[in-house]
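Chains, contacts and geometry: an overview
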Amino acid sequence: MASTSLLKASPVLDKSEWVKGQSVLFRQPSSASVVLRNRATALTTRAASSYADELVKTAKTIASPGRGILAMDESNATCGKRLDSIGLENTEANRQAYRTLLVSAPGLGQYISGAILFEETLYQSTTEGKKMVDVLVEQNIVPGIKVDKGLVPLVGSNNESWCQGLDGLSSRTAAYYQQGARFAKWRTVVSIPNGPSALAVKEAAWGLARYAAISQDSGLVPIVEPEILLDGEHDIDRTYEVAEKVWAEVFFYLAQNNVMFEGILLKPSMVTPGAESKDRATPEQVASYTLKLLRNRIPPAVPGIMFLSGGQSELEATLNLNAMNQTPNPWHVSFSYARALQNTCLKTWGGRAENVNAAQTTLLARAKANSLAQLGKYTGEGESEDAKEGMFVKGYTY
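Residues numbered from 1 in each chain as written. Predicted model: local features only at pLDDT ≥ 70, side-chain atom pairs only at ≥ 80, totals over all residues. Heavy atoms only, no water.

As annotated in an unreviewed UniProt entry, the protein chain carries the name Fructose-bisphosphate aldolase and comes from Raphanus sativus. Reading the Subcellular location (unreviewed entry) entry of the UniProt record for the protein chain gives the comment "Plastid, Chloroplast, Plastoglobule". (UniProt positions renumbered as here; feature names shortened; annotations may be inferred.)

Rendered as structure tokens:
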């Protein structure tokens, strides 16, 4: 078991520290550049090739008022687990039917600005024969794509993981852009019970930065997601401590890799106690800790903070988001939920054609609730018991 000192020994620098005197780390300015200044020096980072304007526009579109992201990028294996929970076999036809239900929900684009897809879905058609991507675009929803290749053991660490997928990423992101994707997602994780070790934090930050730079070079807005897992008995202060270290390291390496901050989106975990902690936090406490973290670590140039739910119940995730939007923020503070949008919808559908309309109505109700939370107007009235059901799974994998 790693000690806290392992993390504290990590070469993590605050922004004020790494900006000073670091101009040698960056390339000479091009015609499209972003200049960051402080009293000591002028720091120049290359903007993201010829796609700079498009990246900014895409990010702003996704980070639009009252809207968030539907994460439906579960791998085929994980989608199979979801289908199994309602008694369906994991076949392409069943995955297609479920994904068709999601993307074709009438009026979904009123509440959802982006949808993260698995590769199969990006190239898939609906049960009616229309491309999933086209259905999303017609709903004014930006198609996105999961590009990482999953977690594998990190040798030399405290039983931690690293995210693979950089090999061949440039050619894959270029192909995804041609297929209609306009943003990307790469999920890596940090485990508090396992340390986290300085090695794991650095590996997570560096991998995210390389992915982000490659994605921007292909015209895709990268979602930067170092998920701090809910697993553990730690309190909320320990979560905050780790999150602050992780995000400092992430932005250090994003800058080193010349990533344009205006053309990214973040997908952080909310700052909560560990799922197995005896202490619980109110939405107001979660909001206070999380917003303090954002103010201390996230530049206002970043257009959107799209929180993951991480196994919270549908209701809990919405209440926490609503609490964070009770005062103005320099970023669009919103959601990128998978289970916290789909759980009740999936149960309502149950794999039966006659339940499709009811399931879509349930999805829209959940999306509307989070839309209101993004605007700080959610009240929690009329929520079902299903929405209160916790979805934390220890050691959960996608």
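Next comes the rest of the account.
Summarising the element assignment, valine 356 is placed in helix H14 (residues 356–374). For the pair formed by valine 356 and tyrosine 98, sequence separation is 258 residues and the distance between their alpha carbons is 9.1 Å. Not counting the four nearest positions on each side in its chain, valine 356 is found in contact with Leu101 and Trp349. (Helix = DSSP H or I, 4+ residues; strand = E, 2+ residues; numbered from the N terminus. Contact = heavy atoms within 4.5 Å.)

With that out of the way, let us pick up unusual backbone geometry. That bond from glycine 195 to proline 196 is cis: its omega, -15°, falls within 30 degrees of zero. Its location among the elements puts proline 196 in the loop between strand S8 (183–190) and helix H9 (198–217). The backbone of asparagine 140 sits at a positive phi, close to 65°, despite the residue not being glycine. Here the phi dihedral of asparagine 258 falls at roughly 60°; this positive angle occurs in a residue that is not glycine. Note that asparagine 258 resides in the loop between helix H10 (236–256) and strand S10 (265–266).

Before going further, it helps to examine the pairing of strand S5 (residues 142–146). With 5 of its 5 residues buried, S5 lies for the most part within the structure. Burial along S5 is two-sided: Val142, Gly144 and Lys146 and Pro143 and Ile145, pointing in opposite directions, are all buried. Inspection of the sheet shows strand S4 (residues 112–117) paired to S5 by 4 bridges, in the parallel sense. By the bridge assignment, alanine 115 is partnered in S5 with proline 143. Both S5 and S8 contribute to a ladder of 3 bridges, which runs parallel. The residue bridging glycine 144 from the neighbouring strand is phenylalanine 183, located in S8. (Buried < 20%, exposed > 50% of the residue type's maximum accessible area, 1.4 Å probe, protein only. Pairing = 2+ DSSP bridges.)

Scanning all chains against the criterion turns up 9 aromatic pairs. Here tyrosine 98 and tryptophan 349 contribute two aromatic rings whose centre-to-centre distance is 5.5 Å and whose plane-to-plane angle is 20°, an arrangement assigned as stacked. Of this pair, tyrosine 98 sits in helix H5 (residues 92–103) while tryptophan 349 sits in helix H13 (residues 339–349); the two residues are 251 residues apart in sequence, bridging distant segments of the chain. For the ring pair phenylalanine 252 and tyrosine 253, a centre distance of 4.9 Å and an interplane angle of 80° mean the geometry is edge-to-face. (Phe/Tyr/Trp six-rings, centres within 6.5 Å; stacked < 30°, edge-to-face > 60°.)

Relative to the 27 Å expected for 19 residues at 1.5 Å per residue, H14 spans 27 Å between its end C-alpha atoms, a close match to the ideal helical length. Residues Ala359, Gln360, Leu363, Leu364, Arg366, Ala367, Ala369, Asn370, Ser371, Ala373 and Gln374 constitute the buried set of H14. After H14 finishes, the residue glycine 376 shows a positive phi value of roughly 75°. (Expected span 1.5 Å × (residues − 1).)

Structurally, the position occupied by serine 157 is in the loop between strand S6 (151–153) and strand S7 (161–163). For serine 157, a relative accessible area of 18% translates into the label buried. Among the polar contacts listed, one links the side chain of serine 157 to the backbone nitrogen of glutamate 160, at a separation of 3.1 Å. Discounting chain neighbours no more than four positions away, the residues touching serine 157 are Ser197 and Leu199. (Polar contact = N/O pair within 3.5 Å; in protein donor to acceptor, adjacent residues only side chain to side chain.)

For the rest of this paragraph, the subject is the pairing of strand S9 (residues 221–228). In terms of burial, S9 is largely enclosed, as 8 of its 8 residues are buried. Covered by surrounding structure in S9 are Val221, Ile223, Glu225 and Glu227 together with Pro222, Val224, Pro226 and Ile228, the residues of both alternating faces. Examined bridge by bridge, S8 and S9 share 8 bridges and lie parallel to one another. Within the sheet, the bridge partner assigned to valine 190 lies in S9 and is isoleucine 228. Read as a crossover between parallel neighbours, the route from S9 over H10 to S10 is right-handed. (Right-handed = clockwise from strand over helix to strand, strands pointing away.)

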